[in-house]
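Survey of secondary and tertiary structure
Now for the letters of each chain:
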Amino acid sequence: MTLKDIERFGGVPIEADESRYRYPMEADAKRLAEKIGPRCEVVLLGSVATGKYVDVLEPIFGKKLLFPKEFVGHGDMARGGMLLQRAASGLELTYIPVSNPDRLGKRATKKARAEFDARLESNI
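Residues numbered from 1 in each chain as written. Predicted model: local features only at pLDDT ≥ 70, side-chain atom pairs only at ≥ 80, totals over all residues. Heavy atoms only, no water.

Some details on the side chain of Glu-58
Quick note on the threshold: Starting at the N terminus, helices and strands are each numbered in turn, a helix being any DSSP run of H or I of at least four residues and a strand any DSSP run of E of at least two. Partly exposed describes any residue whose relative accessible area lies between the buried limit of under 20% and the exposed limit of over 50%, with all areas from a 1.4 Å probe on protein chains only and scaled to the type maximum.
Relative to the helices and strands, Glu-58 is located in helix H3 (residues 51–61). Of the residues examined, Glu-58 reaches a relative accessible area of 17% and is grouped as buried.

See below:
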């Protein structure tokens with residue numbers, strides 16, 4: 001990987017509706033879904049409060065796409081610290097489906113909750 005490659009990657013907005021971001025992630029996720037089969041669960045450790053990962057991955061993995069319940073309402077640094085603490089202690093996190101509205105947490109805006117509810121309704 002070269003500096004030009006990194007600069008090129010940095011020029012792509014990390015947004016679900018950006019094709020240069022979305023299409024490669026979708027392609028890899030579809031290949032992974034085929035390999036893991038129907039019984040395997042997928043744990044998302046990235047942000048679940050926005051659609052940048054969820055909007056791309058949930059249609060592919062469905063109810064098998066989980067995230068740690070303990071992450072709700074915490075930022076990147078707190079989530080990283082939590083992972084390190086749990087790894088050191090040997091205690092597993094509690095996983096819930098990304099489709100669970102609680103993933104947005106208490107600090108979620110009304111707009112974010114409304115967007116989530118609309119996506120949920122369209123998938124029913």
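Okay, back to it.
Notes on the pattern of salt bridges
How we decide: Salt bridges are identified by distance alone: a Lys or Arg side-chain nitrogen within 4 Å of an Asp or Glu carboxyl oxygen.
A complete count under the given rule lists 6 salt bridges for this structure. Here Arg-86 ties to Glu-70 by a salt bridge, and the two come within 3.7 Å at their closest N and O atoms. Of this pair, Arg-86 sits in helix H4 (residues 76–89) while Glu-70 sits in the loop between strand S2 (65–68) and H4, and the two are 16 residues apart along the sequence. Residue Arg-86 is classed as partly exposed on the basis of its relative accessible area, which comes to 24%. Overall, the relative accessible area of 21% leaves Glu-70 in the partly exposed class. The salt bridge partner of Arg-79 is Asp-76, with a shortest N-O separation of 2.4 Å. Here Asp-76 and Arg-79 lie together in helix H4, a separation of 3 residues that amounts to about one turn. For Asp-76, a relative accessible area of 58% translates into the label exposed.

Regarding a nonpolar patch on the surface
Test applied: Patch membership is restricted to residues that have no salt bridge and whose relative accessible area is over 30%. Joining uses 9 Å for like charges and 5 Å for the nonpolar side chains Val, Leu, Ile, Met, Phe, Trp and Tyr. Accessible surface is estimated by sampling points in the Shrake-Rupley manner with a 1.4 Å probe; for residues, cover comes only from the protein chains shown.
On the surface, a cluster of nonpolar side chains totalling about 490 Å² of accessible area is made up of Met-1, Leu-3, Ile-6 and Phe-9. Here Met-1 is to be found in the segment before helix H1 (3–10). By relative accessible area, Met-1 is classed as exposed at 76%.

Some remarks on the packing of helix H2 (residues 19–36) against H3
The description of two helices packed together rests on the angle between their axes and the distance between the axes. As a reminder, the rule being used: Axis geometry follows a simple rule: fit a line to the C-alpha atoms, using only the stretch in contact for helices, then measure angles between N-to-C directions, giving values from 0 to 180 degrees. The sense of a crossing depends on the near helix, which, turned anticlockwise from the far helix by less than a right angle, makes the crossing left-handed and, turned clockwise, makes it right-handed. Here, residues are in contact when the closest pair of their heavy atoms is within 4.5 Å.
Packing of H2 against H3 leaves a shortest axis separation of 9 Å and a crossing angle of 35 degrees. Taken as a pair, H2 and H3 cross one another with a handedness that is right-handed. Residues Tyr-21, Arg-22, Met-25, Glu-26, Ala-29, Lys-30, Leu-32, Ala-33 and Ile-36 of H2 pack against Lys-52, Tyr-53, Asp-55, Val-56, Leu-57, Ile-60 and Phe-61 of H3.

Topic: the nonpolar core
Counted only if it meets this: Joining through side-chain atoms within 4.5 Å is the link that ties buried Ala, Val, Leu, Ile, Met, Phe, Trp, Tyr and Cys residues into a set, and such a set is a nonpolar core.
Of all hydrophobic cores here, the largest spans 12 residues; its members are Ala-29, Ala-33, Val-42, Leu-44, Val-48, Val-54, Leu-57, Phe-61, Leu-65, Phe-67, Ile-96 and Val-98. Breaking this core down by element, the ones donating at least two residues are H2, H3 and S2. With 3 residues, the top contributor of residues to this core is H3.

Quick look at H4
How we decide: A helix is expected to span 1.5 Å multiplied by its residue count minus one.
Spanning 14 residues, H4 covers 20 Å between terminal C-alpha atoms, matching the ideal 20 Å at 1.5 Å per step. Count one or two residues on from H4 and you reach Gly-90, which has phi positive near 80 degrees.

So, the pairing of S2
The cut-off we apply is this: DSSP calls a pair of strands paired once it identifies at least 2 bridges connecting them. With the strands aimed away from the viewer, a crossover counts as right-handed if its path from the first strand over the helix to the second runs clockwise.
Burial of S2 is two-sided: the residues Leu-65 and Phe-67 facing one way and the residues Leu-66 and Pro-68 facing the other way are all buried. Taken together, the 2 bridges between strand S1 (residues 42–43) and S2 define a ladder with parallel strand orientation. Along S2, the bridge assignment pairs Val-42 with Leu-65. A crossover connection joins S1 to the parallel S2 through H3; in handedness this β-α-β unit is right-handed.

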